[in-house]
Amino acid sequence: MTTRQTFPALRFSATLLGALAGVLCLVGPQASQAASPGPGNAAHGAVIFAAADCLGCHTDTKAKGQLLAGGVGMTTDFGTFYPPNITPDKVHGIGSWTEAQFHRALRDGKGKDGEYLYPAFSYPAFTGMTDQDISDLWAYLKTVPPSAQPSKPHDLKFPFSFRPVLLGWQILFLHKGPLEPVAGKSAEWNRGRYLAEAVAHCGECHSPRNALGGIDDKHAYAGNPDGGDGQRAPNISSHPKGIGKMSEADLAELLNTGATPEGDYVGGGMALVVDGTAKLSAADRKAIAVYIKSVPAQESTQAKKPAPKKG
């Protein structure tokens, strides 16, 4: 359930790393709330799984790898991150996890043993999910065939391999859920916001990042030069250079079939996203369209800078 990005969430400099380390000295460990979700519904969990595009990161589809046995490495300036095996295998997957531990991973960004997780795993978005949806997702994951394929360890440069520094990042940028409805907005708008922000985590790819790697909320959905698959994620705000000319119906259709108003089809990582959103109900896709179309117009972010010439 990681976002297909070149890990912008840790694109901070070594100088700024010191600032985060300073936070550790001022703030003690945060207590995690105990999870008490109801019985999980695996069928509904399969829909959440699809909409969250868990398959896209945790499965090596190009090599026809086993479902959720681990994804392709994401190469970054800080090293390579490998999406882990999340099948029910008790040794190499998450079969020995408890539901409470799984809940904590999505809500608090902490692993089985309480270690801080890298935000390449989109828990800053998934934290907004409801307890029931997390429980349903857990129920679905238990139905996946287990795989004995070991997860590859991240290959990170120092000091980014020092996990405790992530506490500082979480204090600054992790706003723990669940996502609360906005008063004065329609039920449809709030439903669309929940699906777009917490489940499908659209903003994780389509928003620029600040100097510390957190989402630049003032320019949400304006595009990201370092988006999924190493490609620029486009502006999807209501700006004319974004999706301002698309209607709600156009956007809902794109989320169902991948078709654009110009008669083309989305490709790359977005094609995989559409594979997931197509499994949502028509009402849910319309709700996402209603919410996304309400996002204020933002100027597009700069295109990705070319790599410096060698020599």
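Residues numbered from 1 in each chain as written. Predicted model: local features only at pLDDT ≥ 70, side-chain atom pairs only at ≥ 80, totals over all residues. Heavy atoms only, no water.

**Re the nonpolar core**
Side chains of nonpolar character tend, in soluble globular proteins, to be buried together.
Here is step 1: Ranked by size, the top nonpolar core spans 52 residues in total, and within it Phe102, Leu106, Met129, Leu141 and Tyr221 carry the most contacts.
Here is step 2: Every element with two or more residues in this core is listed here: α2 (42-51), α4 (99-108), α5 (123-126), α6 (131-141), α7 (165-173), α8 (187-199), α10 (248-257) and α12 (282-293).
Here is step 3: The leading source of residues in this core is α8, at six residues.
Here is step 4: With eight residues, the next largest nonpolar core counts Met74, Phe81, Tyr116 and Tyr118 among its residues. (Core = buried A, V, L, I, M, F, W, Y, C linked by side-chain atoms within 4.5 Å. Buried < 20%, exposed > 50% of the residue type's maximum accessible area, 1.4 Å probe, protein only. Helix = DSSP H or I, 4+ residues; strand = E, 2+ residues; numbered from the N terminus.)

**Some details on the side chain of serine 237**
Here is step 1: Position of serine 237 relative to the elements: it lies in the loop between α9 (202-206) and α10.
Here is step 2: Overall, the relative accessible area of 0% leaves serine 237 in the buried class.
Here is step 3: Residue contacts for serine 237: discarding those within four places in its chain leaves Tyr221, Gly242, Ile243, Gly244, Val295, Pro296, Ala297 and Gln298. (Contact = heavy atoms within 4.5 Å.)

**Observations concerning the pattern of salt bridges**
Think of it this way: side chains of opposite charge can pair up when their charged atoms draw near.
Here is step 1: All chains considered together, the criterion is met by four salt bridges.
Here is step 2: Taking the shortest distance from any N to any O, the salt bridge between lysine 176 and aspartate 108 comes out at 3.8 Å. Note that lysine 176 is positioned in the loop between α7 and α8 and aspartate 108 in helix α4, a separation of 68 residues in sequence.
Here is step 3: Its relative accessible area of 4% is what places aspartate 108 among the buried residues. (Salt bridge = Lys/Arg side-chain N within 4 Å of Asp/Glu carboxyl O.)

**Here's the deal with the packing of aromatic side chains**
Here is step 1: According to the stated counting rule, one finds five aromatic pairs in the structure shown.
Here is step 2: Ring geometry for phenylalanine 49 versus tyrosine 140: centroids 4.9 Å apart, planes at 45 degrees, classification tilted. Of the two residues, phenylalanine 49 is situated in helix α2 and tyrosine 140 in helix α6; the sequence distance between them amounts to 91 residues.
Here is step 3: For tyrosine 140, a relative accessible area of 17% translates into the label buried.
Here is step 4: Ring pairs connect the aromatic residues Phe121, Tyr123 and Phe126, which therefore count as one cluster. (Phe/Tyr/Trp six-rings, centres within 6.5 Å; stacked < 30°, edge-to-face > 60°.)

Function-wise, these values are silent; they only describe arrangement.
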